[in-house]
Amino acid sequence: AFTEAWGCGNGPAKRAAPSARLSCGILVFASCSVVPLRSPWGVALFAGVLIGWTAWCGLPRRRLFSALRLAACLFLPLFLFAPFIRAQAETGSWPAALRVPLTIGLRGTACIVVCAAAMAALDLAEFGQGLSGLPLPRALVALVVQIAHQAALLTDESRRTVTALRLRGVPSAGAGMRLRGLFSLPVIWLLRLVARAERVSAAMEVRGFSGLPPTRQKIGMSASDRCAAVLTALVFGAVLYLRWRGA
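Residues numbered from 1 in each chain as written. Predicted model: local features only at pLDDT ≥ 70, side-chain atom pairs only at ≥ 80, totals over all residues. Heavy atoms only, no water.

**Student:** Can you lay out a nonpolar patch on the surface for me, pointing to particular residues and giving the numbers?
**Tutor:** Side chains of Leu-76, Phe-79, Trp-94, Leu-98, Leu-102 and Leu-106 sit close together on the surface and give an oily, nonpolar patch of about 530 Å² of accessible area. When its relative accessible area of 53% is taken as the criterion, Leu-76 is described as exposed. (Patch = residues over 30% accessible without salt bridge, like charges linked within 9 Å, V, L, I, M, F, W, Y side chains within 5 Å. Areas by Shrake-Rupley, 256 points an atom, 1.4 Å probe, with all protein chains shown as cover. Salt bridge = Lys/Arg side-chain N within 4 Å of Asp/Glu carboxyl O. Buried < 20%, exposed > 50% of the residue type's maximum accessible area, 1.4 Å probe, protein only.)

As structure tokens, this is what we get:
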């Protein structure tokens, strides 16, 4: 579940400031996105950054396997295009045809694991604090925080709808009942979401929420936080250097 993925880690990153965790996560995500994978140095740096970030955040094994399953569902179908790539390539070899989907799959899987580890190292409340500590516009911070909170509400409401259908015996009913439940599910889901949105809007209005954080939160960074930020910046610099050299 989306809400259970936040703050489930138990690594050393939990002791760092929220803004430090977010900034390091952004740099690690960028490093995995642009690191060249055609040289041993690039592959070693790619694997080292991914393993180090996952261990530092303390991503649970169950969440890691869930992220890998999601990546497999997203990127394994890309290998179906390998015969068409081989037919269009000049050399017509299978290694050259498989290189493109393999590179996309590795980068995409790494980015999913990095995001899952960052979510495990941050609570949902700390996510807003970390964004407020970064040099970002207040409107952008409020928008991203609201997207995260609304996504949590949507997933929770979806789980409750599925639980209600299971309690009423829809999955074990006949084909006709399941077909009627399938067609009525979007209506039920939308009505429940509209009701939840109205309750959330009323609660925000009662609490005087204007949509923007009142002031930028400045949380001091310790020496270990600065070291982690400098290390990730150096790794990103090394990735850019390898990319510039064409490694």
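**Student:** Help me get a handle on the side chain of Ser-31, residues and values and all.
**Tutor:** Considering the arrangement of structural elements, one finds Ser-31 in helix 1 (residues 18–34). Judged by its relative accessible area of 2%, Ser-31 falls in the buried class. A polar side-chain atom of Ser-31 sits 2.8 Å from the main-chain carbonyl oxygen of Leu-27. Beyond its immediate stretch of four places on either side in the chain, Ser-31 contacts Val-235, Phe-236 and Val-239. (Helix = DSSP H or I, 4+ residues; strand = E, 2+ residues; numbered from the N terminus. Polar contact = N/O pair within 3.5 Å; in protein donor to acceptor, adjacent residues only side chain to side chain. Contact = heavy atoms within 4.5 Å.)

**Student:** Before we move on, can you summarise the packing of helix 1 against helix 2 (residues 40–57) with the specific residues and values?
**Tutor:** Helices that pack against each other are described as a pair by the angle of their axes relative to one another and the distance between those axes. It is the contact of helix 1 with helix 2, at a shortest axis distance of 10 Å, that shows an interaxial angle of 155 degrees. As far as their axial angle goes, helix 2 and helix 1 are roughly antiparallel. The chirality of how helix 1 crosses helix 2 is left-handed. Contact with helix 1, carried on its side by Arg-21, Cys-24, Gly-25, Val-28 and Cys-32, involves Phe-46, Val-49, Trp-53 and Trp-56 of helix 2 and no other residues of that element. (Axes fitted to C-alpha atoms, helices over the stretch in contact; angles between N-to-C directions. Parallel < 35°, antiparallel > 145°, perpendicular 65-115°, else oblique. Left-handed = near helix turned anticlockwise from the far one by under 90°.)

**Student:** Describe the pattern of salt bridges, with residues and values.
**Tutor:** Pairing between side chains becomes possible if they bear opposite charge and their charged atoms approach one another. In the structure shown here, the tally under the stated rule is 2 salt bridges. One salt bridge connects Asp-123 with Lys-14, and the closest N-O pair in it is separated by 3.7 Å. In this pair, Asp-123 is assigned in the loop between helix 5 (94–121) and helix 6 (124–132) and Lys-14 in the segment before helix 1, connecting sequence segments 109 residues apart. Note on Asp-123: relative accessible area 32%, which makes it partly exposed.

**Student:** Give me the lowdown on the state of the cysteines, citing residues and values where you can.
**Tutor:** As used in these notes, a disulfide is a covalent bond between sulfur atoms, one from each of two cysteines. Enumeration over the complete set of coordinates arrives at 0 disulfides. The cysteine Cys-73 is free of any disulfide, with Cys-115 supplying the nearest cysteine sulfur at 17 Å. Judged by its relative accessible area of 37%, Cys-115 is partly exposed. (Disulfide = S-S within 2.5 Å.)

**Student:** Hey, could you go over helix 2 for me, with residue numbers and the actual values?
**Tutor:** A rise of 1.5 Å per residue sets the reference length of helix 2, with its 18 residues, at 26 Å; its end C-alpha atoms lie 26 Å apart and thus fit the reference within 8%. Those residues of helix 2 that sit buried are Gly-42, Phe-46, Val-49, Leu-50, Trp-53, Thr-54 and Cys-57. Along helix 2, the residues classed as buried sweep out an arc of 120 degrees about the axis, all on the same side. Of the residues in helix 2, the exposed ones pointing more than 90 degrees away from the buried face are Pro-40, Trp-41, Ile-51 and Ala-55. The inward-facing, buried residues of helix 2 abut helix 1, helix 5 and helix 9 (223–245). Phi turns positive one or two residues past the end of helix 2, at Gly-58, with a value near 70 degrees. (Expected span 1.5 Å × (residues − 1). Arc of directions from axis to C-beta.)

Scope: geometric values only; no functional claims are made or implied.
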